[in-house]
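# Architecture and fold: a report
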Amino acid sequence: MAERKSMIHVRGGFSEAHGMGSCNTQMQTDELDDRTRNILFNCISESLKEQFKNASAFGDKYLYDKENDLCKDIITFVLSKRIDSSKHYSVARIIAITEDILTNAFFNEVFDFIEFLAMHRYDKYEIEKRKGFYETINSIFEMEYVGYRFVDGRITPITDKNEIDSIEEACNNEFEGTRAHIKKAVGFIADREHKDYKNCIKESISAVESICSIVVGNEKATLGQALKRLEDNGLVIHSALKNAFSNLYGYTSDEGGVRHANGMFESDVTFEEAKFMLVSCSAFVNYLTANYGKVGGKHA
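Just so it is clear, the structure is predicted and the values come from calculations on it, not from any experiment.

## Some points on unusual backbone geometry
You will see that Ser80, though not glycine, has its phi angle at about 55°, which is positive. Mapped onto the secondary structure, Ser80 falls in the loop between α3 (61-78) and α4 (91-104). The exposed category is assigned to Ser80, whose relative accessible area is 59%. Of note, Tyr145 is a non-glycine position whose phi angle comes to about 60°, a positive value. Inspection of the secondary structure puts Tyr145 in the loop between α6 (127-143) and β1 (149-151). Residue Tyr145 is classed as partly exposed on the basis of its relative accessible area, which comes to 31%.

In structure tokens:
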């Protein structure tokens, strides 16, 4: 009788349901298994084929030029190699590069490439398509136990959908200053090579300070003043919620606190603290912004 071998890897199938599955169920945080890499390649390559299926020098010239420009950008800014200016680079070359990276590159470089591709394959009028790409990648990450998700265009070590939704809502805040601080915080926590959790926390709380200054109409306003302004205008804030906000704000303001960087080193701040503050401050920002409008505040 021929020797049997494992050939099938179906997530959620019969084998997995009966404890005989061979699909990974451990969170992937510092590597990507072959199954995940293959699924990502298949998804990305098919979407590239669909995007540029009508590219032709005698047909859709816009797509024809766009596939050439995208491939040249990948060769130049991702692979750091020379291009041949005399030739046209087609989507087939992009897919070949994608396969090589997804198969052989370190996991962090795979993420670098996916981020770059998401940012450069769509133009400013294709926001919904870019958003769809983010959602597709996030779905694969969730299915394959990858400990990262796209948040505001960056692959970050945050996986809870409610947390992601809260951060992305704050990243789209109507007030530019507040929005900018949250985006910077996301950038600090998403940087896989130069982690800067302290500045992630500083930017997160700066976003809260920014919205407080708008609510009170004073650039030096505190969270307490902002909450009082809301209450003075008829908003009822539960005492436990108000105390929770104030205590968390106080954590960053005390002597040696992160917000002022007094006596605090990067090694003192953990990822868990940075993530907690980013999520919490995003929720603060969303809460204050929404209720500012309810009490008659002028929106941007």
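## Focus: the packing of aromatic side chains
Enumeration according to the criterion identifies eight aromatic pairs in this entry. Each residue in the set Phe107, Phe111, Phe141 and Tyr148 is aromatic and connected to the rest through ring pairs, giving one cluster.

## Thoughts on the nonpolar core
Grouped burial of nonpolar side chains is what soluble globular proteins tend to show. Judged by nonpolar contacts, the single largest core of 41 residues is most densely connected at Ile167, Val208, Leu223 and Leu278. Top contributing element to this core by residue count: helix α12 (residues 271-294), with ten residues. Apart from the residues lying within four places of it in its own chain, the contact partners of Val208 are Leu223, Tyr249, Cys281, Phe284 and Val285. Among the nonpolar cores identified, the runner-up in size contains 38 residues, and Leu48, Phe107, Val110 and Tyr148 belong to it.

## Here we look at the pattern of salt bridges
Under the criterion given, the structure shown has eleven salt bridges. As a salt-bridge pair, Glu126 and Lys66 come within 2.8 Å of each other at their nearest N and O atoms. Of this pair, Glu126 sits in the loop between α5 (107-120) and α6 while Lys66 is found in helix α3, placing the two residues 60 residues apart along the sequence. Assigned by exposure class, Glu126 and Lys66 land together as buried. Where Glu115 meets Arg154, a salt bridge forms, and the shortest distance between an N and an O atom there is 3.5 Å. Highlighted residues: Glu115 in helix α5 and Arg154 in strand β2 (residues 154-156), separated in sequence by 39 residues. A relative accessible area of 29% means that Arg154 is categorised as partly exposed. Counted as one network, the salt bridges with shared partners bring together Lys66, Glu126 and Lys129.

Each value, and the rule that gives it
- Residues numbered from 1 in each chain as written.
- Predicted model: local features only at pLDDT ≥ 70, side-chain atom pairs only at ≥ 80, totals over all residues.
- Heavy atoms only, no water.
- Helix = DSSP H or I, 4+ residues; strand = E, 2+ residues; numbered from the N terminus.
- Buried < 20%, exposed > 50% of the residue type's maximum accessible area, 1.4 Å probe, protein only.
- Phe/Tyr/Trp six-rings, centres within 6.5 Å; stacked < 30°, edge-to-face > 60°.
- Core = buried A, V, L, I, M, F, W, Y, C linked by side-chain atoms within 4.5 Å.
- Contact = heavy atoms within 4.5 Å.
- Salt bridge = Lys/Arg side-chain N within 4 Å of Asp/Glu carboxyl O.

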